[in-house]
Amino acid sequence: MKRAPFKEEIRRYGAFLLLLLLILVVWEAAVRSGLVPSFILPAPSSIWTALVLNAGLLLGTHLPATLEEVAIGCLLSVAGGILLGIGMHLSRTLEKALYPFIIISQTIPLIALSPIFIMWFGYSLWSKVAVVFLTAFFPVVVGVYDGLSKSGGAYKELLLTMGANRRQLLFKIGVPLALPSFFSGLKLSVVYCVIGATIGEWLGGTRGLGYYSRRMAGSLHSAEMFAAIVLLSALGIALFLAVRLLEHHILKKRGSY
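Keep in mind it's a predicted model, so treat the numbers as computed, not measured.

**Student:** Outline the overall build of the chain, supporting the account with residue identities and numerical values.
**Tutor:** Looking only at helices and strands, one finds ten helices and zero strands in the chain. When its helices and strands are written in sequence order, the chain yields α-α-α-α-α-α-α-α-α-α. A burial count over the chain gives 38% of its 257 residues as buried. Sequence-distant contacts, at least 24 apart, represent 72% of the contacts inside the chain between residues at least 6 apart. For the chain, the accessible area works out to roughly 15100 Å², and carbon and sulfur atoms hold 71% of it.

Shown next as structure tokens:
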């Protein structure tokens, strides 16, 4: 007998939910009893109150700004990552020329690059998008390139004996085999997009949840700061789950899930 979807999810994540509830209870008790100062770590109830009281500002102004940066940066990261991954797979010369630069781009601290992006793009949307792109494109490139590098074994040999060209091999074997690796990279990428947008807003923003949390931290409004962090975390989780749902739909449709 097949379990209902809701009961299945409760069974799978029941331990996590119980542990989360225990952490929240202990956290609340520690703050209320004075063991932890509220200005260092506000109680969950205080964070919830701050979230409700500032919902108009957070959800109406700052969340849309962060979401716009994440969406544009994510689209550019996915498009650029796919093109680079396919290009390096098809051209050994391109792979030797670009792959070291892609690795180097991930070794430079974003905090060092953000002021440069601000000099180039000002305090506009594009300075934050540049940070998001640099943060998030790497997992997509690696996922696509590593996925396409899988040989395909007997299927490839069969298509070659039937006279398949390179483009047909790519779309008939390479792309289907690369989908699991691509989605693994994409799930990391969408989470990194939120991190990149937050860093960009921290260092040079006038709107967004990262900017709001920095401003609240500067004025020691810790509950409001944590409220913004909760929304950032929820945004990252929502994007991760959306990609996971898309992955499940596509791979299940192809019989690979």
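**Student:** With reference to specific residues and values, describe helix H2 (residues 44-53).
**Tutor:** Along H2, the positions that sit buried rather than exposed are Pro 44, Ile 47, Ala 50 and Leu 51. For H2, the angular spread of the buried residues around the axis is 120 degrees, confining them to a single face.

**Student:** Explain the layout of surface pockets to me, and be specific about the residues and the numbers.
**Tutor:** By volume, the second largest pocket amounts to about 270 Å³. Every residue lining the second largest pocket is listed: Trp 27, Pro 44, Ile 47, Trp 48, Leu 51, Phe 226, Ile 229, Val 230, Ser 233, Ala 234 and Ile 237. Of the residues forming the lining of the second largest pocket, the biggest block, six residues, is contributed by helix H10 (residues 222-253). A class-by-class count of the residues in the lining of the second largest pocket yields ten nonpolar, one polar and no charged.

**Student:** So what about the UniProt feature "transmembrane region" (unreviewed entry) in the chain? Which residues, and what values?
**Tutor:** Under the present numbering, the feature "transmembrane region" (unreviewed entry) in UniProt falls on residues 70-90, 97-123, 129-148, 169-199 and 225-246. Counted over residues 70-90, helix gives 100% and strand 0%. Its end C-alpha atoms are 30 Å apart. As annotated, residues 129-148 has a helix share of 100% and a strand share of 0%, and its two end C-alpha atoms lie 28 Å apart.

**Student:** If you had to explain unusual backbone geometry to someone new, which residues and values would you point to?
**Tutor:** Positive phi values are uncommon outside glycine, yet Leu 220 reaches one of about 60 degrees. Summarising the element assignment, Leu 220 is placed in the loop between helix H9 (209-218) and H10. Looking at Leu 220, the relative accessible area reads 64%, which means it is exposed.

**Student:** Which residues make up the nonpolar core, and what are the values?
**Tutor:** Leu 58, Phe 182 and Leu 186 are the most contacted members of the largest nonpolar core, which has 34 residues in total. Listed by contribution, the elements that provide at least two residues to this core are H2, helix H3 (55-90), helix H6 (125-148), helix H8 (166-204), H9 and H10. The biggest single contributor to this core is H10, with ten residues. With residues up to four places along the chain from it excluded, the contact list for Phe 182 reads Val 78, Ile 82, Val 140, Gly 143 and Val 144. Of all hydrophobic cores here, the second largest spans eleven residues; its members include Leu 113, Ala 130, Val 131 and Val 141.

**Student:** Outline the packing of helix H5 (residues 110-121) against H6, listing residues and values.
**Tutor:** Remark: H5 packs on H6, axes separated minimally by 8 Å, with the N-to-C direction vectors making an angle of 145 degrees. Here H5 runs over H6; the crossing is right-handed. Of the residues in H6, those touching H5 at Leu 110, Leu 113, Ser 114, Phe 117, Ile 118 and Phe 121 are Trp 126, Ser 127, Ala 130, Val 131, Leu 134 and Thr 135. Considered class by class, the residues forming the contact of H5 with H6 number nine nonpolar, three polar and no charged.

**Student:** An account of the packing of aromatic side chains is requested, with residue identities and associated values reported.
**Tutor:** The final tally for this structure, using the stated rule, is five aromatic pairs. Considering the side-chain rings of Phe 117 and Phe 121, the 6.5 Å spacing of their centres and the 40 degrees angle between planes classify their relative orientation as tilted. Of this pair, Phe 117 and Phe 121 are both found in helix H5, four residues apart, which corresponds to roughly one turn of the helix. Using a relative accessible area of 10% as the deciding quantity, one classes Phe 117 as buried. A relative accessible area of 39% means that Phe 121 is categorised as partly exposed. Grouped by ring-pair contacts, the aromatic residues Phe 117, Trp 120 and Phe 121 constitute a single cluster.

Basis of the calculations
- Residues numbered from 1 in each chain as written.
- Predicted model: local features only at pLDDT ≥ 70, side-chain atom pairs only at ≥ 80, totals over all residues.
- Heavy atoms only, no water.
- Helix = DSSP H or I, 4+ residues; strand = E, 2+ residues; numbered from the N terminus.
- Buried < 20%, exposed > 50% of the residue type's maximum accessible area, 1.4 Å probe, protein only.
- Contact = heavy atoms within 4.5 Å.
- Areas by Shrake-Rupley, 256 points an atom, 1.4 Å probe, with all protein chains shown as cover.
- Arc of directions from axis to C-beta.
- 1 Å grid on protein atoms, 1.4 Å probe; cavity = no way out; pocket = protein on both sides within 12 Å on 5 of 7 lines; lining within 4 Å.
- Points joined across faces, edges and corners; volume = space filled by probe spheres on them.
- Nonpolar A, V, L, I, M, F, W, Y, C, P; charged D, E, K, R; others polar.
- UniProt positions renumbered as here; feature names shortened; annotations may be inferred.
- Core = buried A, V, L, I, M, F, W, Y, C linked by side-chain atoms within 4.5 Å.
- Axes fitted to C-alpha atoms, helices over the stretch in contact; angles between N-to-C directions.
- Left-handed = near helix turned anticlockwise from the far one by under 90°.
- Phe/Tyr/Trp six-rings, centres within 6.5 Å; stacked < 30°, edge-to-face > 60°.

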